Amino acid sequence: MPKFKTASDCRYALAHELGHIIIHGRDKTCVETIGKHEAAADAFALYFTMPPYLFEKDIKCLNEWDLAEKYGMPVEQVLNRAKLCDHYQYQ
Ligand SMILES: [Zn+2]
């Protein structure tokens with residue numbers, strides 16, 4: 001089992017692995033699709049932990065640190081999630 005520095009890192013990793021199970025199931029990957037599978041699992045984890053509509057509403061009035069606290073996610077992942085919004089406001 002990997003060791004995580006914070007509970008939020010652990011939560012994100014679990015959501016990422018859940019994404020693999022839901023998206024890919026028992027499908028064995030070939031080397032060319034590993035990058036795509038990782039990107040899909042990352043996107044799943046971002047939407048799963050910071051749900052659509054709720055996150056898009058919160059991003060209008062909370063900064064990245066407040067969002068990280070509210071959703072229990074690392075700030076880095078909040079910024080990655082924000083990039084998936086129509087009106088990305090953080091650099
Ligand atoms: Zn993965």
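The structure this text deals with has already been given above.
Since we're looking at a predicted model, the values are computed, not measured.

Calculation notes
Residues numbered from 1 in each chain as written. Predicted model: local features only at pLDDT ≥ 70, side-chain atom pairs only at ≥ 80, totals over all residues. Heavy atoms only, no water. Helix = DSSP H or I, 4+ residues; strand = E, 2+ residues; numbered from the N terminus. Expected span 1.5 Å × (residues − 1). Buried < 20%, exposed > 50% of the residue type's maximum accessible area, 1.4 Å probe, protein only. Salt bridge = Lys/Arg side-chain N within 4 Å of Asp/Glu carboxyl O. Phe/Tyr/Trp six-rings, centres within 6.5 Å; stacked < 30°, edge-to-face > 60°. Donors = N, O, S within 2.8 Å, 3.2 Å for Na, K, Ca; no water. Tetrahedral: all angles 85-135°; square planar, octahedral: opposite > 155°, others 65-115°. Axes fitted to C-alpha atoms, helices over the stretch in contact; angles between N-to-C directions. Parallel < 35°, antiparallel > 145°, perpendicular 65-115°, else oblique. Contact = heavy atoms within 4.5 Å. Nonpolar A, V, L, I, M, F, W, Y, C, P; charged D, E, K, R; others polar. Arc of directions from axis to C-beta.

Enquirer: What is the right way to look at helix α2 (residues 34-49) in this model?
Expert: Taking 1.5 Å per residue as the helical rise, α2 with its 16 residues ought to reach 22 Å, and the 22 Å between its terminal C-alpha atoms agrees with that figure. Three or more residues of α2 are buried, namely H37, A41, F44, A45, L46 and T49.

Enquirer: Even after reading the chapter, I still don't get the pattern of salt bridges, so can you show me in this structure?
Expert: Once their charged atoms are close, side chains differing in charge can pair, the charge on each being opposite to the other. Inspection of the entire model under this criterion finds 2 salt bridges. Residue E56 is joined to R81 by a salt bridge in which the shortest nitrogen-to-oxygen separation is 3.2 Å. You can see E56 sitting in helix α3 (residues 54-58) and its partner R81 sitting in helix α5 (residues 75-82), a full 25 residues away along the chain. With a closest N to O distance of 2.7 Å, K70 and D58 form a salt bridge. With K70 in helix α4 (residues 64-71) and D58 in helix α3, this pair connects stretches of sequence that are 12 residues apart. Its relative accessible area of 45% is what places K70 among the partly exposed residues.

Enquirer: In this structure, what is going on with the packing of aromatic side chains? I would like to understand it.
Expert: The description of two aromatic rings rests on the distance between their centres and on the angle between their planes. Within this structure, the stated rule accounts for 2 aromatic pairs. On the basis of an interplanar angle of 15 degrees and a centroid distance of 5.4 Å, the ring pair of F44 and F48 is categorised as stacked. With a gap of 4 residues between them, F44 and F48 both fall in helix α2, about one helical turn apart. Here F55 and Y71 contribute two aromatic rings whose centre-to-centre distance is 5.6 Å and whose plane-to-plane angle is 55 degrees, an arrangement assigned as tilted.

Enquirer: Just to check I follow, could you spell out the coordination of the zinc ion for this structure?
Expert: Metal coordination angles in their ideal form are 109.5 degrees for the four-donor tetrahedron and 90 or 180 degrees for the six-donor octahedron. Each protein donor to the zinc ion is listed here as H16 (NE2), H20 (NE2), E38 (OE) and E38 (OE); together their distances run 2.0 to 2.7 Å. Coordination at the zinc ion is irregular, judged from the 4 donor atoms that bind it and the angles of 53 to 137 degrees they form at the metal.

Enquirer: Where do I start with the packing of α4 against α5 in this structure?
Expert: Between two packed helices, the angle of one axis relative to the other and the distance separating the axes together describe the packing. Axis separation between α4 and α5 bottoms out at 9 Å; the angle between their running directions is 105 degrees. In terms of orientation, α4 and α5 fall into the roughly perpendicular class. Listed contacts from α5 to E64, W65, L67 and A68 of α4 are V75, V78 and L79. Across the contact of α4 with α5, the residue classes tally to 6 nonpolar, no polar and 1 charged.

Enquirer: In this structure, what is going on with α5? I would like to understand it.
Expert: Two residues of an α-helix separated by three or four positions point the same way, owing to the 3.6 residues in each turn. For α5, every residue scored as buried is listed here: V75, Q77, V78, R81 and A82. Angular distribution of buried residues about the axis of α5 spans 160 degrees; they occupy a single face of the element. Looking at the buried side of α5, the elements it contacts are α1 (7-24), α2, α3 and α4.

Enquirer: Honestly, the environment of E76 in this entry has me stumped. Any pointers?
Expert: As for its placement among the helices and strands, E76 is situated in helix α5. Placed 11 residues apart in sequence, E76 and W65 show a C-alpha to C-alpha distance of 9.8 Å.

None of the figures reported here should be taken as evidence of function without further support.
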